[in-house]
Amino acid sequence: MATSIQAYEFIMEQLNKVGDITTRKMMGEYLVYFKRKLIGNICDDQLYLKPTDSALRLLPDAERDYPYEGSKTQMIIMDNLDHTELLSAVLHAMYEELPEPKSKSAKSKK
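Residues numbered from 1 in each chain as written. Predicted model: local features only at pLDDT ≥ 70, side-chain atom pairs only at ≥ 80, totals over all residues. Heavy atoms only, no water.

A.B. asks: Just to check I follow, could you spell out the sheet that holds strand 3 (residues 37–43) for this structure?
C.D. replies: Whether parallel or antiparallel, the strands of a sheet pair through hydrogen bonds between backbone atoms. The 6 strands lie next to each other as 1-2-3-4-6-5, forming an open sheet whose pairing is antiparallel. Every other strand in the sheet has two partners, leaving strand 1 (21–26) and strand 5 (63–65) as the edge strands with one partner each. Averaged over all pairs of adjacent strands, the angle between strand axes in this sheet comes to 35°, irrespective of strand direction. Inspection of the sheet shows strand 5 paired to strand 6 (residues 74–76) by 3 bridges, in the antiparallel sense. (Pairing = 2+ DSSP bridges. Helix = DSSP H or I, 4+ residues; strand = E, 2+ residues; numbered from the N terminus. Axes fitted to C-alpha atoms, helices over the stretch in contact; angles between N-to-C directions.)

A.B. asks: Help me out: how do you make sense of helix 1 (residues 5–16) in this one?
C.D. replies: Think of an α-helix as turning once every 3.6 residues; residues three or four places apart then point the same way. Helix length check: helix 1, at 12 residues, gives a terminal C-alpha distance of 16 Å against a target of 16 Å (1.5 Å per residue), a fit within 8%. Regarding helix 1, the residues found buried are A7, Y8, I11, M12, Q14 and L15. Down the axis of helix 1, the smallest arc covering the buried residues is 160°, so these residues share one side. Buried positions along helix 1 lie against strand 1, strand 2 (29–34), strand 3, strand 4 (46–49) and helix 3 (84–97). (Expected span 1.5 Å × (residues − 1). Buried < 20%, exposed > 50% of the residue type's maximum accessible area, 1.4 Å probe, protein only. Arc of directions from axis to C-beta. Contact = heavy atoms within 4.5 Å.)

A.B. asks: Would you take a moment to explain the pattern of salt bridges for this structure?
C.D. replies: One side chain can pair with another of opposite charge once the charged atoms of both are near each other. Under the counting rule described, the total for this entry stands at 1 salt bridge. When the shortest N-O distance is used, the salt bridge between K37 and E100 registers 3.4 Å. Of the two residues, K37 is situated in strand 3 and E100 in the segment after helix 3; the sequence distance between them amounts to 63 residues. Note on K37: relative accessible area 4%, which makes it buried. Its relative accessible area of 56% is what places E100 among the exposed residues. (Salt bridge = Lys/Arg side-chain N within 4 Å of Asp/Glu carboxyl O.)

A.B. asks: Can you walk me through the environment of P60 in this structure?
C.D. replies: Within the secondary structure, P60 sits in the loop between helix 2 (53–58) and strand 5. For P60, a relative accessible area of 59% puts it in the exposed group. Along the sequence, P60 and L81 sit 21 residues apart, while their C-alpha atoms lie 15 Å from each other.

A.B. asks: Which parts of the structure should I look at to understand the packing of aromatic side chains?
C.D. replies: The description of two aromatic rings rests on the distance between their centres and on the angle between their planes. Applying the stated rule across the entire model yields 2 aromatic pairs. Aromatic side chains Y8 and Y30 sit 4.1 Å apart centroid to centroid with 25° between the ring planes, which places their arrangement in the stacked category. Of this pair, Y8 sits in helix 1 while Y30 sits in strand 2, placing them 22 residues apart in sequence. This pair shows no difference in class: Y8 is buried, exactly as Y30 is. Aromatic side chains F34 and Y95 sit 6.0 Å apart centroid to centroid with 85° between the ring planes, which places their arrangement in the edge-to-face category. With F34 in strand 2 and Y95 in helix 3, this pair connects stretches of sequence that are 61 residues apart. For the pair F34 and Y95, one class covers both residues: buried. The ring of Y95 has K35 lying over it, and the distance from NZ or CZ to the ring centre is 5.0 Å. (Phe/Tyr/Trp six-rings, centres within 6.5 Å; stacked < 30°, edge-to-face > 60°. Lys NZ or Arg CZ within 6 Å of the ring centre and 35° of its normal.)

Take a look at the structure:
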């Protein structure tokens, strides 16, 4: 089931309160980036975040699930999206733990 536009807009409204959020559509679902770092997915009308140490510490009761078949286990935090301070703390802590985005190398001229 693809994410509905209403669910996507609600999730993005909440995430944008934290700032510098972008998404990339992939097969009816979305990759979610915070300050250019991949933090999770929006799938089946829910936000899934990567289970970093800080996210696990700040959201100890978050439900774990698979956003799509064959994926790694991630957390669902849909219930906490309206708690802006907590969401901000989680995303900023995750940002510090996640690797820098890979730079796109210049294509060689032929």
